[in-house]
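Inside the fold
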Amino acid sequence: MTITAPAYAKINLSLDIVSKMDDGYHNMRMIMQSISLCDEVTVQCELGSGITVQTDLSYLPGDERNIAAKAAKAFFAHTGIDGYKTRIRIKKNIPVCAGLGGGSTDGACVLRVLDEMFETKLGHDLLKKLGGGIGSDIPFCIAGGTVLAEGKGDILTELSPIPHCYIVICKPPFAFSTPELFRRVKIDKIRARPDTDGIIESLKNGDLNDLSRRMYNVFEDILPKGERDIANIKYALLDQNALGAVMTGTGSAVFGIFENETSATNAYENLKLIYKECFLAETAGKIEIPN
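Since the model is a prediction, treat every value here as computed from it, not as a measurement.

**Some words on helix H9 (residues 261–272)**
- Its twelve residues give H9 an end-to-end C-alpha distance of 16 Å, which sits within 8% of 16 Å, the value for a rise of 1.5 Å per residue.
- Considering only its buried residues, H9 is in contact with strand S7 (166–171), helix H8 (229–239), strand S10 (254–258) and strand S11 (277–282).
- A distance of 3.2 Å separates the backbone nitrogen of Thr 262 from a side-chain oxygen at the start of H9, and that oxygen is part of Asn 260.

**Some remarks on the side chain of Asn 12**
- The residue Asn 12 is located in strand S1 (residues 2–20) in this model.
- Polar side-chain contacts of Asn 12 include one of 2.9 Å to the backbone nitrogen of Gly 249.
- In this structure Asn 12 touches Met 30, Ile 31, Met 32, Gly 99, Val 246, Met 247, Thr 248, Gly 249 and Phe 255, once residues within four positions along its chain are discounted.

**Things to note about the packing of helix H1 (residues 67–79) against helix H2 (residues 102–117)**
- Taken N-terminus to C-terminus, the directions of H1 and H2 make an angle of 35°; their axes are 8 Å apart at the nearest point. Crossing angle aside, the handedness with which H1 passes H2 is right-handed. Touching Ile 67, Ala 68, Ala 71, Ala 72, Phe 75 and Phe 76 of H1 are Gly 103, Ser 104, Gly 107, Val 110, Leu 111, Leu 114 and Asp 115, all from H2.
- Residue composition of the contact of H1 with H2, by class: nine nonpolar, three polar and one charged.

**Re the pattern of salt bridges**
- For the structure on display, the rule yields 16 salt bridges.
- Glu 277 is the salt-bridge partner of Lys 171, the closest N and O atoms lying 3.9 Å from each other. Highlighted residues: Lys 171 in strand S7 and Glu 277 in strand S11, separated in sequence by 106 residues.
- The closest approach of N and O atoms between Arg 183 and Glu 180, which form a salt bridge, is 3.2 Å. One end of the pair, Arg 183, and the other, Glu 180, are both in helix H5 (residues 178–184), three residues apart, so they sit about a helical turn from each other.
- Given the relative accessible area of 57%, Arg 183 is considered exposed.
- One network of salt bridges, in which partners are shared, links Asp 195, Asp 210, Arg 213 and Arg 214.

About the criteria used
- Residues numbered from 1 in each chain as written.
- Predicted model: local features only at pLDDT ≥ 70, side-chain atom pairs only at ≥ 80, totals over all residues.
- Heavy atoms only, no water.
- Helix = DSSP H or I, 4+ residues; strand = E, 2+ residues; numbered from the N terminus.
- Expected span 1.5 Å × (residues − 1).
- Contact = heavy atoms within 4.5 Å.
- Polar contact = N/O pair within 3.5 Å; in protein donor to acceptor, adjacent residues only side chain to side chain.
- Axes fitted to C-alpha atoms, helices over the stretch in contact; angles between N-to-C directions.
- Left-handed = near helix turned anticlockwise from the far one by under 90°.
- Nonpolar A, V, L, I, M, F, W, Y, C, P; charged D, E, K, R; others polar.
- Salt bridge = Lys/Arg side-chain N within 4 Å of Asp/Glu carboxyl O.
- Buried < 20%, exposed > 50% of the residue type's maximum accessible area, 1.4 Å probe, protein only.

Spelled out as structure tokens, the structure:
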């Protein structure tokens, strides 16, 4: 049995840190959005045992350290299905360490594919719960769409879909350490926050311009000194007529929102002359999960 499916990247239209929980985790409030940029995930199951992962990036682990392998292991443990050798092949199109949810969306895709392959019909809520035990972004990536994510990222509220638009993504040639950025957070010293409620209202009204000017990511205030590329990319996108531009997740990718394809394509082509990892995408809708 073999199934190939897309694993869609995500961007953060807003990212706010509300408080620190007693368990040391941070209470997040952010709006997440699926985009058409995707990895290609192939899952093959045959009689036997073991789980392996193969990607076209040699530095990614191929054993149970890989999120895709962890997802398969969680699925089989929950369902009790046994006696299958599982091979997972991933064609990576989403840049790694970019804040685009590349590993999480691969894990979510594996859960969806195995649910389809074995006709277990676990449904969205259970798949989300299984994914939450592996990574905080996986619950969103199970179905994606336009969603308010709170808590550790596992409390999800579906929002009005974003108006169709084009997304230009640029990742500079460095990455940030997610644990290090969280260690830098001082809740009482956050100077600027996104207007998340305003974005939700803009989504209800279908107002892409209003939405775009309210975007923000609180991590941008605590980046290591010297990483001016983030601001430079934002300015470049805005100079190329982006409605708004912001860093996604814990970076280091920055994206801009464009209303029309021509402007987006021009911005993509111009930034591609400076930065190797640039991508042109569109917004993507929710994936329907059979019950």
